[in-house]
Amino acid sequence: MSGRARTVHLTNSQGRGLTVTLREYRPGDEEGMLACIRDEYGDTYFKRSFYLPEFLKREAQSGRMTFLVAQTTPGEIAGMMLLKEFAPRENMCEIASQIFRKKYRRYGLAMPFFQYGMEIVLSRNYSAAYCLPVLFHDITQRLLYRLEMRAAGFVLNVFDVEQIVHSYQNKRNKKHSQGIQIRAIGKRDAGRIYVPEEHREFCSGIYRRLGAAVCMERQCGDPKHLPDTSILTYRQDERQASLEISVDLTGADLTEQVAALQERFPLRGKQTANLFLNISDANAVWAYKALCRLGYFFTGLKPLCSEREYMVLHHPGEVKIYFEDYFLSGEFAEMADYVGRLIPQKNNGKEEERNEGRT
């Protein structure tokens, strides 16, 4: 089902009115969409392919990406947004890349645009709605909460602040982080999962807020009977010095495989790693403990996005983390209090502040 075009009338605090039509992308919109990206990010937007009009056109035609635009009555594109599919690996829909031209801000356009996108998402057969809101402002976090999307975790230290220009404050963090927000749609039962005892209560709270059933097993896999070989995939973003690892099956060689990746992409300077661990696998608790010994720590869940459930872990390398410098909604702030206590001391900005106070 396609979203029908919708006209909205808005007014800013000075009483100036704005009328826009929310609709799906049409061929020819590419330059207007690029104008939104360039107005906010210049040539530094991390989705590099979005600067290529032919890429936008091709992805829209493929159906993998549904681009939405907000068009003013004179015909100028004031904003854009993306609904992205991940089939066949995952069955959620990501709500992403809501970007407005600066002159059209402060009219309250973000919320009706998110509502329009969510109606399209709900009309389709997805397991969940998924978003990775940035943490250098809390606008997206707060607005999506009103659309029943709930905090589930963090993907930390993904983007190098020196590589991305934007309108907001960076403060002390050297890399931008993202939250994970989820709304359960088609998948309302996470099935059996295996999480460490110390995180059971926290994880139960996430599924409870999502309104999803889950069975947390206390009997975990026997490490004596691990498969020989782990199944994992990875992606390294050289520009952002960011490694992403997905562990779909835990095997006896997991530590060896992850250590080999860290040797290939040394966690020095701004290089960081985020790891998504399949917790529908009975050997996940063994894997979690092994990864903690390598320097990873728990940062939440990526739930209801596929047949498997995933735990998120992070290795900050040499990058210090200042949670207090993020802009977080109430729900994410509570989560940051929990996750922040798990950061290795050498990467905790609070520890650095205490050291600076010593003589």
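Before any of the text, the structure's been laid out above.
## Thoughts on helix 1 (residues 30–41)
Part 1: Along its 12 residues, helix 1 runs 16 Å from first to last C-alpha, staying within 8% of the 16 Å computed at 1.5 Å per residue.
Part 2: Three or more residues of helix 1 are buried, namely E30, G32, M33, L34, C36, I37, E40 and Y41.
Part 3: A positive phi of about 60 degrees marks G42, the residue just after helix 1.

## A look at the pairing of strand 15 (residues 310–315)
A regular strand places its side chains on the two faces of the sheet in alternate fashion.
Part 1: For strand 15, the buried fraction is high: six of the six residues fall into the buried class.
Part 2: For strand 13 (residues 272–278) and strand 15, the ladder comprises six bridges, and the chain directions are antiparallel. Along strand 15, the bridge assignment pairs N278 with Y310.
Part 3: By the bridge criterion, five bridges tie strand 14 (residues 297–302) to strand 15 in an arrangement that is antiparallel. Within strand 15, the residue paired with K302 across the bridge is Y310.

## A short note on the nonpolar core
Part 1: Ranked by size, the top nonpolar core spans 87 residues in total, and within it F50 and F154 carry the most contacts.
Part 2: F154 has contacts with L135, Q178, G179, I180, T299, V312, F323, L328, F332, M335, A336 and V339, leaving out every residue within four places of it along the chain.
Part 3: In terms of nonpolar packing, the next biggest core, distinct from the first, is built from 32 residues, L10, F113, I120 and L144 among them.

## Focus: the pairing of strand 9 (residues 189–193)
Part 1: Bridging between strand 9 and strand 10 (residues 213–216) involves three bridges; their strand directions are parallel. Within strand 10, the position partnered with D189 by the bridge is A213.
Part 2: As a crossover connection, the stretch from strand 9 through helix 5 (residues 200–210) into strand 10 is right-handed.

## Remarks on the pattern of salt bridges
Part 1: Summed over all chains, the structure comprises 22 salt bridges.
Part 2: Put simply, E119 and R6 hold a salt bridge, and the shortest N to O gap is 2.4 Å. Here E119 is found in helix 3 (residues 110–122), whereas its partner R6 is found in strand 1 (residues 6–11), with 113 residues between them in sequence.
Part 3: On the accessibility criterion, E119 (43% relative accessible area) is partly exposed.
Part 4: Judged by relative accessible area, which is 29%, R6 ranks as partly exposed.
Part 5: Salt bridges sharing common partners tie together E76, R101 and K103.

## Some words on the packing of aromatic side chains
Part 1: Using the criterion set out here, one finds 15 aromatic pairs in the structure.
Part 2: Pairing F50 with F67 gives two aromatic rings, centres 5.8 Å apart and planes at 75 degrees, and the pair type is edge-to-face. With a gap of 17 residues between them, F50 in the loop between helix 1 and helix 2 (53–62) and F67 in strand 3 (residues 65–72) connect regions that are remote in the sequence. F67 matches F50 in its accessibility class, with the two residues each being buried.
Part 3: Taken together, a centroid distance of 5.4 Å and an interplanar angle of 80 degrees make the contact between F323 and Y326 edge-to-face.
Part 4: Residue classification places F323 among the buried residues on the basis of a relative accessible area of 10%.
Part 5: Judged by relative accessible area, which is 9%, Y326 ranks as buried.
Part 6: Put simply, the rings of Y25, Y41, Y45, F46, F50, F55, F67 and F159 pair up and form one aromatic cluster.

## Let's talk about the side chain of H176
Part 1: Relative to the helices and strands, H176 is located in strand 8 (residues 175–184).
Part 2: In this structure the side chain of H176 is engaged in a polar contact, spanning 3.3 Å, whose partner is the side chain of H166.
Part 3: Those residues in contact with H176 that lie beyond four places of it in its chain are F136, N157, V158, F159, V161, I164, H166 and N170.

## Re the packing of helix 6 (residues 254–264) against helix 7 (residues 284–293)
Part 1: Two elements in contact, helix 6 and helix 7, have axes separated by 10 Å at closest approach and are oriented at 40 degrees. Between helix 6 and helix 7, the crossing angle belongs to the class labelled oblique. As helix 6 runs across helix 7, the sense of the crossing is right-handed. In this structure, helix 6 uses L254, T255 and V258 to contact helix 7, whose residues at the interface are W286, A287, A290 and L291.

## Topic: the side chain of K302
Part 1: Residue position: K302 is located in strand 14.
Part 2: Reaching out from K302, the side chain makes a polar contact with the side chain of E90 at a distance of 2.8 Å.
Part 3: Residues in contact with K302, not counting those within four places in the same chain, are E90, M92, Y130, F276, E309, Y310 and V312.

About the thresholds
- Residues numbered from 1 in each chain as written.
- Predicted model: local features only at pLDDT ≥ 70, side-chain atom pairs only at ≥ 80, totals over all residues.
- Heavy atoms only, no water.
- Helix = DSSP H or I, 4+ residues; strand = E, 2+ residues; numbered from the N terminus.
- Expected span 1.5 Å × (residues − 1).
- Buried < 20%, exposed > 50% of the residue type's maximum accessible area, 1.4 Å probe, protein only.
- Pairing = 2+ DSSP bridges.
- Core = buried A, V, L, I, M, F, W, Y, C linked by side-chain atoms within 4.5 Å.
- Contact = heavy atoms within 4.5 Å.
- Right-handed = clockwise from strand over helix to strand, strands pointing away.
- Salt bridge = Lys/Arg side-chain N within 4 Å of Asp/Glu carboxyl O.
- Phe/Tyr/Trp six-rings, centres within 6.5 Å; stacked < 30°, edge-to-face > 60°.
- Polar contact = N/O pair within 3.5 Å; in protein donor to acceptor, adjacent residues only side chain to side chain.
- Axes fitted to C-alpha atoms, helices over the stretch in contact; angles between N-to-C directions.
- Parallel < 35°, antiparallel > 145°, perpendicular 65-115°, else oblique.
- Left-handed = near helix turned anticlockwise from the far one by under 90°.

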